[in-house]
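Spelled out from the first residue to the last, the chains are:
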Amino acid sequence: MTTPPPTLEAPPEERTAVTPPGEWHMPPGLKRSLQFYAFKPWVKLGNPILLFEYLLKTYGNIAWYRFLGTPIIFVNDPDYIREILVTQSASFVKERTVRRMKVLLGEGLITSDDPIHMRQRKIAAPAFHRQRIAAYGDQIVACAAHQRETWQPGEHVDIAAASMQLSLEIVARTLFNTEVTADIRSINDEVNTIMGLYNFIVSFPRIESVLHMPIPGIVKFRRSKARLDAVVDRLIREHREAAARGEPDKGDLLSMLLSSKYESEDATQQIGMSDEQVRDEVLTIFLAGYETVANGLTWTWYLLSQNPDIEAKLHAELDAVLGTGAQQRLPTLADYPALRYTEQIFAESMRLYPPAWAMGRMSSKPITLGPYRIPPGAHFFFSQYIMGRDPQFFPDPLRFDPDRFTPENKASRPKFTYFPFGGGSRQCIGESFAWMEGVFSIATLAQRWRMRYLGTTPPTVQAKITLRPRDPLMMQLNPR
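Because the structure is predicted, anything quoted here is derived from the model rather than measured. (Residues numbered from 1 in each chain as written. Predicted model: local features only at pLDDT ≥ 70, side-chain atom pairs only at ≥ 80, totals over all residues. Heavy atoms only, no water.)

## What about the sheet that holds strand β11 (residues 449-453)?
No. 1: If you walk across this open sheet you meet the three strands as β4-β14-β11, and the pairing is antiparallel. The two strands at the open ends of the sheet, each matched to only one other strand, are β4 (156-158) and β11. Neighbouring strand axes in the sheet, compared pairwise and without regard to direction, differ in orientation by 40° on average.
No. 2: In this sheet, strand β14 (residues 474-479) lies alongside β11 in antiparallel orientation, the contact comprising five bridges. Counterpart to Arg-450 in the pairing with β14 is Asn-478. (Pairing = 2+ DSSP bridges. Helix = DSSP H or I, 4+ residues; strand = E, 2+ residues; numbered from the N terminus. Axes fitted to C-alpha atoms, helices over the stretch in contact; angles between N-to-C directions.)

Next comes the structure, spelled out in structure tokens:
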């Protein structure tokens, strides 16, 4: 069960197309710049979901407005999204919000544009090859099994914090071949601090030029980033020292990055990545690799607690595949294809609460979408959260129904009605890993425990870099 989006209605005079002078033909949209509507209920700093819902209800699947002089296009049409991410992708670059995150992630896979992005993706790709990911399965299960053994019947846990801790341990062990030491655990605290500063970082004008100044929010961000960098620098140093001692390459992502080479611009030599380049990639993959899956798991446990019939079907699948009583065993890689309903549950959870809840691009050339012609420099946004709740593609959209993701039902929908990991050439490199982590974590924990939500109202959604619950999400643990 979920909270329905607010009902939003525009006055009749705002439902007409607004076309700027010149050669451009814009979609319908707001007559005035967004600042003019600052006191409307659908304009709230830090919650653009309200604005997106309003635009969709008022103008349909494509709408535009201006903000500080920049044209912004909101798109909720799978064909238009395909145009942006695939067909016309060469005409787009990362938009301002993502580029602003370079102050944290540098030139990592999320923030960089081509040709840097293409080069870095090729370097990182071997660590996410199907065979490599398969080798991570046992470690994922071992981490989840360890967590479930620490829980006690009747215990109250913040499942959001517990999911973060589990996912952090999985990423540390599988992608960086490191023990989860105190400084690795501290990453969660620093990420929470930076998430709290997200709106400040994105909205602060020219923040890159004032990072050295004693502004309270910037000082707080600078300290958290310095601590994150210190942890990553330690990992890099330890891996380099192990290689210098002649220890065998463990095949983890960090080892691959450190041993990788790329051609110089004149193609005369092979160049290794600097520690700064490696740190950007490690930090990007570390944060993206544990934050998103952890949020996906958090919302899954909440939805299961509200839908006991679906939870019962999950337990039936786990019992059928993994046995019961004295015959019960932990999942293995060979079981992964048989955990079909478990995967559907995770997929449906990410439809309602997608960890990556919106994406954006900026046009570098004139763009044609359907009948519209849009100038370069326009920002395009589309939301997995909004699309996933569109009744045109997901009837009765607020109902939690994993059967939406049977092979037949998936095939019946256009591709870009569901894109929790993005799409096109920049689709998340770790998608396969994320699916395995989610399915094995759910299976391993649900094999032993049921969870009962202790809140009296649905959790409040917080849309920052990822879609998090605003407050601790408390669950009571009950043994099966």
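## Notes on the side chain of Thr-298
No. 1: Tracing the sequence through the fold places Thr-298 in helix α12 (residues 275-306).
No. 2: Residue classification places Thr-298 among the buried positions, given a relative accessible area of 0%.
No. 3: If sequence neighbours within four positions are ignored, Thr-298 has contacts with Ile-159, Ala-160, Ser-163, Pro-469 and Leu-473. (Buried < 20%, exposed > 50% of the residue type's maximum accessible area, 1.4 Å probe, protein only. Contact = heavy atoms within 4.5 Å.)

## Some remarks on helix α5 (residues 116-124)
No. 1: For α5, every residue scored as buried is listed here: His-117, Gln-120, Ile-123 and Ala-124. The buried residues of α5 occupy an angular sector of 125° when the element is viewed end-on, so they sit on one face. (Arc of directions from axis to C-beta.)

## Overview of the packing of aromatic side chains
Two aromatic rings are characterised by how far apart their centres lie and by the angle between their planes.
No. 1: Tallied over the entire structure, the rule returns 17 aromatic pairs.
No. 2: Through a chain of ring-to-ring contacts, three or more aromatic side chains come together here, namely Phe-36, Tyr-37, Trp-42 and Tyr-54.
No. 3: The positively charged end of Arg-32 is found above the aromatic ring belonging to Phe-36, 4.5 Å away from the centroid.
No. 4: The ring of Phe-405 has Arg-413 sitting right over it, with the charged end atom 5.0 Å from the ring centre. (Phe/Tyr/Trp six-rings, centres within 6.5 Å; stacked < 30°, edge-to-face > 60°. Lys NZ or Arg CZ within 6 Å of the ring centre and 35° of its normal.)

Function-wise, these values are silent; they only describe arrangement.
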